[in-house]
Amino acid sequence: QRYPTAEDFAFDLSQVQEQLKRELVSEYLKVAEDLIVRSELSRAKEQVFQILRVDRQNRRANELLKDLQRLIQNQQRSEQARQLRAQAEEAIAHQQLDRAVNYLDEAVALTPDNVELQRLRDHTRESKERQEKVQDAIRRAESAQWAGDLTDALSAIEEALRVDASDVEARALRSAITGE
């Protein structure tokens, strides 16, 4: 059962090698696709690299690699957006609405399809605008009070309280103005 020529032997060996290569690639592809389904993207990428070591021209592996790179990039963007949201929420808790809006703008830029994040940003912007209106009205009231124009001072502070009736500074200033 010996091969009559070395060329015949080499041909059969190349057939076996190709068959083993196809089986190995098929196995790696199945594992990679399972890992993608389980969101284990880094491990899936390793499997795809194993395929490409065996067969650099494998069309499915090259497609998977592109998809994985896109998925990993999206995952990284989502994580960055999550961190920015946490920073924004901390800034909101400390009434640093300018910083919060900046963080939320960055987060929305990273994940523009995140509707919840857009709503939080819009709500924070509105809160910031209300805060600015209240502060502006308080400054006008204080200025009028110092100038001795208590009617204008009371009018300005009432404007601030219409915007935010719970503002402690505005309420205290109204008490001081009405007391005068």
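Up top is the structure.
Attention here is on the structure that accompanies the text. Source: prediction; values computed, not measured. (Residues numbered from 1 in each chain as written. Predicted model: local features only at pLDDT ≥ 70, side-chain atom pairs only at ≥ 80, totals over all residues. Heavy atoms only, no water.)

1. Side note on the overall build of the chain
Working step 1: When helices and strands are tallied, the chain shows seven helices and zero strands.
Working step 2: Ordering the α and β elements of the chain from the N terminus gives α-α-α-α-α-α-α.
Working step 3: What you see for the chain is a C-alpha radius of gyration of 33 Å, clearly larger than the 16 Å of a compact globule of 180 residues, by over 25%.
Working step 4: Looking at the chain as a whole, 28% of its 180 residues are labelled buried. (Helix = DSSP H or I, 4+ residues; strand = E, 2+ residues; numbered from the N terminus. Rg over C-alpha atoms; globule rule 2.2 N^0.38 Å. Buried < 20%, exposed > 50% of the residue type's maximum accessible area, 1.4 Å probe, protein only.)

2. Regarding the packing of helix α5 (residues 115-146) against helix α6 (residues 150-163)
Working step 1: As a packed pair, α5 and α6 sit with axes 7 Å apart at the nearest point and diverge in direction by 165°. In terms of axis orientation, α5 runs roughly antiparallel to α6. As α5 runs across α6, the sense of the crossing is left-handed. Contact with α5, carried on its side by Arg-130, Lys-133, Val-134, Ala-137, Ile-138, Arg-140, Ala-141, Ala-144 and Gln-145, involves Leu-150, Asp-152, Ala-153, Ala-156, Ile-157, Glu-159, Ala-160 and Val-163 of α6 and no other residues of that element. (Axes fitted to C-alpha atoms, helices over the stretch in contact; angles between N-to-C directions. Parallel < 35°, antiparallel > 145°, perpendicular 65-115°, else oblique. Left-handed = near helix turned anticlockwise from the far one by under 90°. Contact = heavy atoms within 4.5 Å.)

3. Here's the deal with the side chain of Gln-145
Working step 1: If you trace the backbone, Gln-145 turns up in helix α5.
Working step 2: With near-sequence residues (within four places) excluded, Gln-145 lies in contact with Leu-150, Ala-153, Leu-173, Ala-176, Ile-177 and Glu-180.

4. Let's talk about the packing of α6 against helix α7 (residues 168-179)
Working step 1: At a minimum axis separation of 10 Å, α6 and α7 run at an interaxial angle of 155°. Considering the angle they form, α6 stands roughly antiparallel to α7. Where α6 crosses over α7, the handedness of that crossing is left-handed. On the side of α6, the interface is formed by Leu-150, Ala-153, Leu-154, Ile-157, Glu-158, Ala-160 and Leu-161, while α7 contributes Ala-170, Arg-171, Leu-173, Arg-174, Ile-177 and Thr-178.
Working step 2: Grouping the constituent residues of the contact of α6 with α7 by class yields nine nonpolar, one polar and three charged. (Nonpolar A, V, L, I, M, F, W, Y, C, P; charged D, E, K, R; others polar.)

5. Comments concerning the nonpolar core
Considering soluble globular proteins, one finds that nonpolar side chains tend to be buried as a cluster.
Working step 1: Grouped together as the largest cluster of nonpolar side chains are 15 residues, with contacts concentrated most on Leu-29, Val-48, Ile-51, Leu-52, Ala-61, Leu-64 and Leu-68.
Working step 2: The contact partners of Ala-61, leaving out residues within four places of it in the chain, are Leu-29, Val-48, Ile-51 and Leu-52.
Working step 3: Within the second largest apolar cluster, 13 residues are counted, among which are Ala-137, Ala-153, Ala-156 and Ile-177. (Core = buried A, V, L, I, M, F, W, Y, C linked by side-chain atoms within 4.5 Å.)

That is the geometry; function is a separate question.
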